[in-house]
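# Coordinate analysis (summary)
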Amino acid sequence: RNLLDRDTFSKSDPICVLYTQAIGNKEWREFGRTEVIDNTLNPDFVRKFIMDYFFEERENLRFDFYDVDSKSPNLSKHDFLGQMFCTLGEIVGSQGSRLEKSIVGIPGKKCGTVIVTAEELGCCRDSVLMQFCANKLDKKDFFGKSDPFLVFHRSNEDGSFTICHKTEVVKNTLNPVWQAFKISVRALCNGDYDRTIKVEVYDWDRDGSHDFIGEFTTSYRELSRGQSQFNVYEVINPKKKGKKKKYVNSGTVTLLSFLIETEVSFLDYIKGGTQINFTVAIDFTASNGNPSQPTSLHYMNPYQLNAYGMALRAVGEIIQDYDSDKMFPALGFGARLPPDGRVSHEFALNGNPQNPYCHGIDGVMEAYYRSLKSVQLYGPTNFAPVINHVARYAASVKDGSQYFVLLIVTDGVISDMAQTKESIVNASKLPMSIIIVGVGPAEFDAMEELDGDVVRISSRGRFAERDIVQFVPFRDYIDRSGNHVLSMARLAKDVLAEIPEQFLSYMRVRGIKPSPAPPPYTPPIHVLQTQI
């Protein structure tokens with residue numbers, strides 16, 4: 001909208017060029033170009049860019065605009081109209097996944113604005129819930145009736161078959177009714193509705209030599225007609241058919257029900273307006289070492305970030321794209337506070353308990369450094385108070401409109417393991433996730449236990465409803481000197497990769513569907529003037 005006019009006799013002929021940034025060397029690479037639209041300062045480009053999206057990665061984008069003056073593909077031969085920088089997360093995290101931002105890059109000139117929208121491509125996210133029964137199957141067992149089960153195969157491009165589902169065994173019957181089962185459409189037919197699906201019927205035997213009763217073929221399109229005369233299949237055993245003239249079939253299998261469920265994604269919720277609230281909690285206990293000493297994890301180095309600063313920035317920069325107001329509560333625990341030296345396990349880093357919010361990740365960093373100068377590192381290391389702090393907020397909005405992420409940065413020496421486990425088990429019922437970043441050289445066994453990836457966490461015999469803790473040891477991501485993060489991108493990736501699934505597991509358990517996205521933006525219609 002309102003691009004600069006660079007042509008003397010007519011309006012500009014704009015093109016947009018998209019660049020992405022390489023993770024390692026930060027070099028900008030051209031990703032693609034839109035078409036050129038002649039004679040307009042308000043182009044609506046048609047050509048779309050399709051790119052991979054990962055919640056846990058920060059994908060920097062740059063949109064450059066040019067006024068095209070000739071057929072040359074060389075951009076330096078055309079007039080530069082300005083550029084816009086953003087991240088893919090910023091577009092996706094905007095209201096309705098629509099971002100409007102000013103174009104910059106030409107000093108002293110207003111270059112107009114650019115509107116970017118994003119939509120997730122539905123690559124067949126449907127699942128199907130199906131139920132089958134059978135009638136008059138062949139009797140295979142000498143003493144009793146058969147113990148039938150079904151095996152489903154999808155066909156591949158080359159004509160071979162791949163097993164994709166087995167039903168349970170129904171014992172001692174020739175007229176079994178199997179339980180309904182759910183399978184993704186991708187697994188069933190690779191999203192191709194007309195591809196052959198082969199179903200085999202077997203009689204189960206304890207020694208594993210299951211007897212083949214017969215088979216039939218169908219397709220997703222046929223099955224999708226639901227319960228009808230089209231979905232009663234004759235089970236045929238080709239060997240018997242070849243031998244016996246009077247052979248009719250080995251029984252029939254009937255489809256009882258067929259329900260399509262569209263799997264919703266993390267982005268569907270974000271688009272529908274679910275907000276992610278990010279809270280930071282920093283370990284101010286004495287085991288971190290004296291902040292004035294270079295060996296301290298909290299060392300106040302005037303020239304570079306300490307371990308806590310590096311961890312905060314790497315994670316915060318990604319999360320902040322999904323938090324519309326960019327205001328983050330920042331808490332500390334395990335320090336003695338001025339003026340009276342009382343020990344606190346949830347104090348506001350900015351010194352304001354009524355309003356612990358900091359603006360953006362830069363605000364959090366500033367408050368962190370200010371706190372280091374005013375509080376005394378102490379102990380013990382209690383996690384439960386900050387977990388309960390965030391849980392109180394999460395408990396007040398369980399409708400799916402908000403989700404809370406607590407980042408705890410710690411040296412990993414924990415004093416209140418039992419209380420922390422109790423807090424996590426309680427929090428697993430709430431819309432929240434906890435990320436623990438362990439800094440320093442300690443053994444992080446206790447943190448691994450809280451992570452719950454190997455053994456689901458429990459407290460007093462109660463198990464966590466879902467896994468909500470993700471632990472990463474910061475030392476795996478820094479160089480030998482401990483001064484540089486080898487890959488901010490890889491750190492952020494490992495820290496955040498589990499969040500979308502944890503988020504979805506909460507929404508699923510609660511039966512919360514995404515709100516519909518706000519209607520897409522439609523530009524005002526320009527009246528075309530015709531020359532008569």
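Just so it is clear, the model here is predicted, and its values are computed rather than measured.

## Side note on the overall build of the protein
Within the protein, the secondary structure is distributed over 12 helices and 26 strands. At 30 Å, the protein has a C-alpha radius of gyration far larger than the 24 Å of a compact globule built from 532 residues. Burial statistics for the protein: of 532 residues in total, 49% are counted as buried. For the protein, long-range pairs separated by at least 24 residues make up 68% of all intrachain contacts whose partners lie at least 6 apart in sequence. By element, 52% of the accessible surface of the protein is carried by carbon and sulfur atoms, the whole surface being about 27,000 Å². Charge centroids of the protein, computed over 60 positive and 66 negative side chains, lie 5 Å from each other.

## Some thoughts on the pattern of salt bridges
Tallied over the full model, the rule gives 21 salt bridges. Among the salt bridges present, the one from Arg508 reaches Glu501, with a minimum N-O distance of 3.4 Å. Taking the relative accessible area as the measure of exposure, Arg508 reaches 49% and is therefore partly exposed. Judged by relative accessible area, which is 43%, Glu501 ranks as partly exposed.

## So, the UniProt feature "domain: VWFA" (unreviewed entry) in the protein
UniProt tags residues 277–478 as "domain: VWFA" (unreviewed entry). Helix and strand shares over residues 277–478 are 29% and 26% respectively, and the end C-alpha atoms of the span are 28 Å apart.

## Considerations on the domain arrangement of the protein
Looking at the protein, the domain boundaries give domain 1 (12–115), domain 2 (124–260) and domain 3 (274–508). Placing a centre on the C-alpha atoms of domain 1 and another on those of domain 3 gives a separation of 36 Å. Interface area, domain 1 with domain 3, both sides summed: about 1,100 Å², of which 62% is carbon and sulfur. Of all residues in domain 1, Phe55, Glu56 and Arg58 give up the largest surface area on contact with domain 3, accounting jointly for 63% of the area buried on that side.

## Digging into the packing of helix H6 (residues 307–319) against helix H7 (residues 360–374)
Here H6 crosses H7 at 160 degrees, and the two axes come no closer than 10 Å. Overall, the two elements H6 and H7 adopt an arrangement that is roughly antiparallel. Seen from above, H6 lies across H7 with right-handed handedness. The segment H6 lies against H7, with Tyr308, Gly309, Leu312, Arg313, Gly316 and Glu317 engaging Ile361, Asp362, Val364, Met365, Tyr368 and Tyr369. Its residues assigned to classes, the contact of H6 with H7 shows seven nonpolar, two polar and three charged.

## Remarks on the sheet that holds strand S17 (residues 335–337)
Ordered in space as S18-S17-S21, the three strands form an open sheet in which the pairing is antiparallel. Every other strand in the sheet has two partners, leaving strand S18 (342–344) and strand S21 (376–377) as the edge strands with one partner each. In this structure, S17 lies alongside S18, joined through three bridges in antiparallel fashion. The residue of S18 that forms the bridge with Ala335 is Ser344.

## Things to note about the packing of aromatic side chains
A full pass over the atoms with the stated rule returns 24 aromatic pairs. Ring geometry for Tyr403 versus Phe503: centroids 5.1 Å apart, planes at 55 degrees, classification tilted. Taken together, the residues Tyr403 in strand S22 (residues 402–410) and Phe503 in helix H12 (residues 499–510) connect sequence positions 100 residues apart. Side by side, Tyr403 and Phe503 carry an identical accessibility label, which is buried. Ring-pair connections join several aromatic residues into one group, and the members of that group are Phe55, Phe266, Tyr269, Tyr322, Tyr403 and Phe503. The side chain of Arg225 reaches across the aromatic face of Phe230, ending 4.2 Å from its centre. In this arrangement the basic side chain of Lys493 is found over the ring face of Phe54, its NZ or CZ atom lying 5.8 Å from the centre.

## Examining the packing of helix H8 (residues 384–396) against helix H9 (residues 417–427)
Two elements in contact, H8 and H9, have axes whose closest approach is 9 Å; the angle formed by their N-to-C orientations is 15 degrees. Here H8 is positioned roughly parallel relative to H9, judged by the angle of their axes. Taken as a pair, H8 and H9 cross one another with a handedness that is left-handed. Residues Ala384, Ile387 and Asn388 of H8 lie in contact with H9, whose contacting residues are Gln419, Thr420, Ser423, Ile424 and Ala427.

## Re the environment of Asn355
As for its position among the elements, Asn355 is in the loop between strand S19 (347–348) and strand S20 (357–359). On the basis of relative accessible area, Asn355 is assigned to the partly exposed category, the value being 39%. Separated by 273 residues in sequence, Asn355 and Gly82 have C-alpha atoms that sit 39 Å apart.

## Structural notes on the nonpolar core
One finds Phe278, Phe284, Leu312, Val437, Phe474 and Leu496 to be the most contacted residues of the largest nonpolar core, which totals 59 residues. Looking at this core element by element, the count peaks at nine residues for H6.

## Structural notes on the pairing of strand S9 (residues 161–166)
In this structure, strand S8 (residues 148–155) lies alongside S9, joined through five bridges in antiparallel fashion. Paired with Ser155 across the strands is Phe161, a residue of S9. If you look at the hairpin formed by S8 and S9, you'll find five residues sitting between the two strands, and Gly159 has a positive phi there, around 90 degrees.

## A closer look at the sheet that holds strand S14 (residues 252–262)
Within the open sheet, the four strands sit side by side as S10-S7-S14-S13. Their pairing is antiparallel. The outermost strands of the open sheet, each flanked by one partner alone, are strand S10 (181–184) and strand S13 (232–234). The average undirected angle you get between the axes of adjacent strands in this sheet is 35 degrees. As judged from the four bridges shared by strand S7 (residues 126–135) and S10, these two strands associate in the antiparallel manner. Among the inter-strand pairings, Leu129 is bridged to a residue of S10, identified as Lys182.

About the criteria used
- Counting restarts for each chain: residues are numbered from 1 in the order of the written sequence.
- With the structure being a predicted model, the display of local features is reserved for residues of pLDDT at least 70 and the display and counting of side-chain atom pairs for 80 or more, all residues being used for whole-chain, interface and lining totals.
- The side-chain quantities take in all heavy atoms of the structure and omit both hydrogens and water.
- Only DSSP runs of H or I covering at least 4 residues are called helices, and only runs of E covering at least 2 are called strands; the numbering of each starts at the N terminus.
- To get the radius of gyration, use the C-alpha atoms; to get the globule rule, take the number of residues to the power 0.38 and multiply by 2.2 Å.
- Exposure categories follow from relative accessible area, calculated using a 1.4 Å probe and restricted to protein chains: below 20% of the type maximum is buried, above 50% is exposed, and the middle band is partly exposed.
- Note on definitions: a residue-residue contact is assigned when non-hydrogen atoms from the two residues lie within 4.5 Å.
- In these tables, accessible area is a Shrake-Rupley quantity obtained with a 1.4 Å probe, and a residue counts as shielded only by the protein chains included in the view.
- Counted charges follow a simple rule, with Lys and Arg positive, Asp and Glu negative, and His plus the chain ends left uncounted.
- A single reference atom marks each charge: NZ on Lys, CZ on Arg, CG on Asp, CD on Glu.
- For this document, the term salt bridge refers to a Lys or Arg side-chain nitrogen within 4 Å of an Asp or Glu carboxyl oxygen.
- UniProt positions are given in the numbering used here, feature names are shortened, and annotations may be inferred rather than shown by experiment.
- Residue ranges for the domains originate in an automatic or database domain assignment.
- Two parts placed together each lose some accessible area under a 1.4 Å probe, and the buried area is that loss summed for both.
- For every element, the axis is a line fit to its C-alpha atoms; helices are fit only across the contacting stretch, and the angle between N-to-C directions ranges from 0 to 180 degrees.
- If an angle is under 35 degrees, it is roughly parallel; if it is over 145, roughly antiparallel; if it lies from 65 to 115, roughly perpendicular; otherwise it is oblique.
- Whether a crossing is left-handed or right-handed is set by the direction in which the near helix is turned from the far one by less than a right angle, anticlockwise for left-handed and clockwise for right-handed.
- We call Asp, Glu, Lys and Arg charged. Ala, Val, Leu, Ile, Met, Phe, Trp, Tyr, Cys and Pro are nonpolar, and the rest, Gly among them, are polar.
- In this scheme, strands are said to pair when DSSP sees at least two bridges between them.
- Each pair of aromatic rings taken from Phe, Tyr and Trp, with Trp reduced to its six-membered ring, is defined by centres within 6.5 Å and is described as stacked if the planes are under 30 degrees apart, edge-to-face if over 60, and tilted in the remaining cases.
- For a ring to carry a charge above it, either NZ of a lysine or CZ of an arginine must fall within 6 Å of the ring centroid while also lying within 35 degrees of the normal to the ring plane.
- Residues belong to one nonpolar core when they are buried, are Ala, Val, Leu, Ile, Met, Phe, Trp, Tyr or Cys, and are joined through side-chain atoms within 4.5 Å.

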